[in-house]
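# Residue-level structural notes
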Amino acid sequence: MRLLMGTESKWRLWLSAIFLLAVICELEAKIETTSTTKKPKLGRTTIKRQRAETDRAKIKPTAAAQTKASLTQVVGRGLFKKVGETLSVQTGDTLSLRCRGKPVQWSVPPNVEEDEDEGRLMITQQEKFSSLTLVNTTVADTGEYTCYPMYREDRDCRRVYNKAVKVFIFFPDPRELFVPSSNHYEMIQLRRNWPAVLPCQVTSPEAKVTLHREFPPGEVPVDGTEISFNNRKGFTIHRPQLHHAGVMQCVALLGNLRQSSTKYILIYVNYPIAPPAPVIKASSSSVTVGDNLRVTCAAAGERDVLIEFNWEYPGQQIGRPLYTEETRIPVSGDASQQQFQSVLQVDEVRDVDQGTYTCTAQNLQGAKSVSTTVKVLAKAKAKKGSRSDGRSQ
């Protein structure tokens, strides 16, 4: 009996130990699960780094990056039409444009800008767009209308040119085919390798425009390569030559109406391609008092293109007069080039003539300077017992 009771007690103790072990394992599993879902404690450095990353995420792009303007024409109450590169509005009608952006700025043709004080032009800025309204329109209002998004950051406010939206607006009139001009003649310089524009702008995109020479009279061929036409710009001479010089005008034809533009006087200027590149050289880097000095400055240039020379020299300090000789020498083998040369002459050199000599060569494209230094040596003294002819007594 005692043996049976002892055995039963042992079994109870063994079962209790097993149950306790199971409870402990379950508690450990719960603790482990809780620890994996719990956020770890962060040090101050980690917290600061996270805050900095959060702040950077909150920083918005600059206003210039966010701005995106769009241009529409108001055609009725609550009705809008997206505009293309050009637009035609009948003279006398009201022009109404809306540019979406915050904020924006407008640019208008010169005639419209001049009439701004007369109340014809009204510009209003709303929260998300700007409206342009032009009343009592005329043919002179023909031109380019541009809406510029504005860049704003602190006190900096400027136009964002590469995101501007623009439209060229024609104001057709059956009596006026060209935008009026107060000038009967307009001078235009023709430069080699520099496009020249004859700005005869038409008021109607349907007008047919040709270019004519006054003398000898006749129509000038427009091949699209040497000379091209754009009804928003006029005629462009892409690579002007001497034979383009003279008096020209545009002639527009629309239906039974034929009109001539302002006359353009084209003057060909042999314009230099680049500033001169002078070279300076003295007859000697050191010269004795009483001797003569010559400093030469030379630069190559195009034929019939003037190069001017200016000198700075030590003798200027005492008002020593300047003597120069300038020449032009043709370059052998190249009829379009010539050598320009300026020679500074200093007679009977003195101590004050020692120093830096600077030559500046200049043409219509710019100027460039070069310098050289000259040393003045004292005159050697004659030895005792020698005659002026150099023979001993």
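All of the points below concern the structure found in this document. (Residues numbered from 1 in each chain as written. Predicted model: local features only at pLDDT ≥ 70, side-chain atom pairs only at ≥ 80, totals over all residues. Heavy atoms only, no water.)

Right, let's talk about the state of the cysteines for a bit. Taken as a whole and judged by the stated rule, the model has three disulfides. One disulfide bridge connects C200 with C250, the sulfur atoms lying 2.0 Å from each other. A torsion of -70° about the S-S bond marks the disulfide between C200 and C250 as left-handed. Of this pair, C200 sits in the loop between β12 (196–198) and β13 (208–213) while C250 sits in strand β17 (residues 246–254); the two residues are 50 residues apart in sequence, bridging distant segments of the chain. With its bonded cysteines labelled in order along the sequence, the chain shows the pairing 1-2, 3-4, 5-6. (Disulfide = S-S within 2.5 Å. Helix = DSSP H or I, 4+ residues; strand = E, 2+ residues; numbered from the N terminus.)

It is worth spelling out the side chain of D173 at this point. Following the sequence through the fold, D173 ends up in the loop between β10 (165–170) and β11 (185–191). Within the structure, the side chain of D173 is placed 2.7 Å from the backbone nitrogen of R175, a separation counted as a polar contact. Apart from the residues within four sequence positions on either side, D173 is in contact with T91, V139 and T203. (Polar contact = N/O pair within 3.5 Å; in protein donor to acceptor, adjacent residues only side chain to side chain. Contact = heavy atoms within 4.5 Å.)

Further remarks concern the nonpolar core. Membership of the largest hydrophobic core comes to 22 residues, with the highest contact counts inside it found for L198, L211, F235, C250 and L266. Contributions of two or more residues to this core are made by β10, β11, β12, β13, β16 (234–237), β17 and β18 (257–269). The element best represented in this core is β17, accounting for three residues. The next biggest cluster of nonpolar side chains, apart from the first, holds 21 residues, and it includes I280, A282, A299 and C359. (Core = buried A, V, L, I, M, F, W, Y, C linked by side-chain atoms within 4.5 Å. Buried < 20%, exposed > 50% of the residue type's maximum accessible area, 1.4 Å probe, protein only.)

With that settled, the discussion passes to the sheet that holds strand β26 (residues 366–377). Taken together, the four strands give an open sheet; going across it, the order is β20-β26-β25-β22, and neighbouring strands pair in mixed fashion. The outermost strands of the open sheet, each flanked by one partner alone, are β20 (286–288) and β22 (308–312). Taking the axes of each pair of neighbouring strands and ignoring which way they run, one obtains an average angle of 30° across the sheet. Where β22 lies against strand β25 (residues 355–363), five bridges are found, and the strand directions are antiparallel. Across the sheet, the residue bridging to W311 is C359, located in β25. (Pairing = 2+ DSSP bridges. Axes fitted to C-alpha atoms, helices over the stretch in contact; angles between N-to-C directions.)

Attention now goes to the pattern of salt bridges. Two side chains of opposite charge can pair, provided their charged atoms sit close to one another. This model, assessed by the stated rule, comprises five salt bridges. Salt-bridge contacts for D141 lead to R120; the nearest nitrogen and oxygen are separated by 2.9 Å. Taken as a pair, D141 in the loop between β7 (129–134) and β8 (143–153) and R120 in the loop between α4 (110–114) and β6 (121–125) lie far apart in primary sequence, 21 residues in all. For the salt bridge of R320 with D353, the shortest nitrogen-to-oxygen distance reads 2.9 Å. Of this pair, R320 sits in the loop between β22 and β23 (323–330) while D353 is found in the loop between β24 (337–346) and β25, placing the two residues 33 residues apart along the sequence. Both residues of the pair, R320 and D353, count as buried. (Salt bridge = Lys/Arg side-chain N within 4 Å of Asp/Glu carboxyl O.)

With that settled, the discussion passes to the packing of aromatic side chains. Here the structure, examined in full by the defined rule, presents two aromatic pairs. Arranged with centres 4.6 Å apart and planes meeting at 45°, the rings of F229 and F235 form a pair that is tilted. Its relative accessible area of 30% is what places F229 among the partly exposed residues. Over the ring of W194 we find R191, and its NZ or CZ is 5.9 Å from the ring centre. (Phe/Tyr/Trp six-rings, centres within 6.5 Å; stacked < 30°, edge-to-face > 60°. Lys NZ or Arg CZ within 6 Å of the ring centre and 35° of its normal.)

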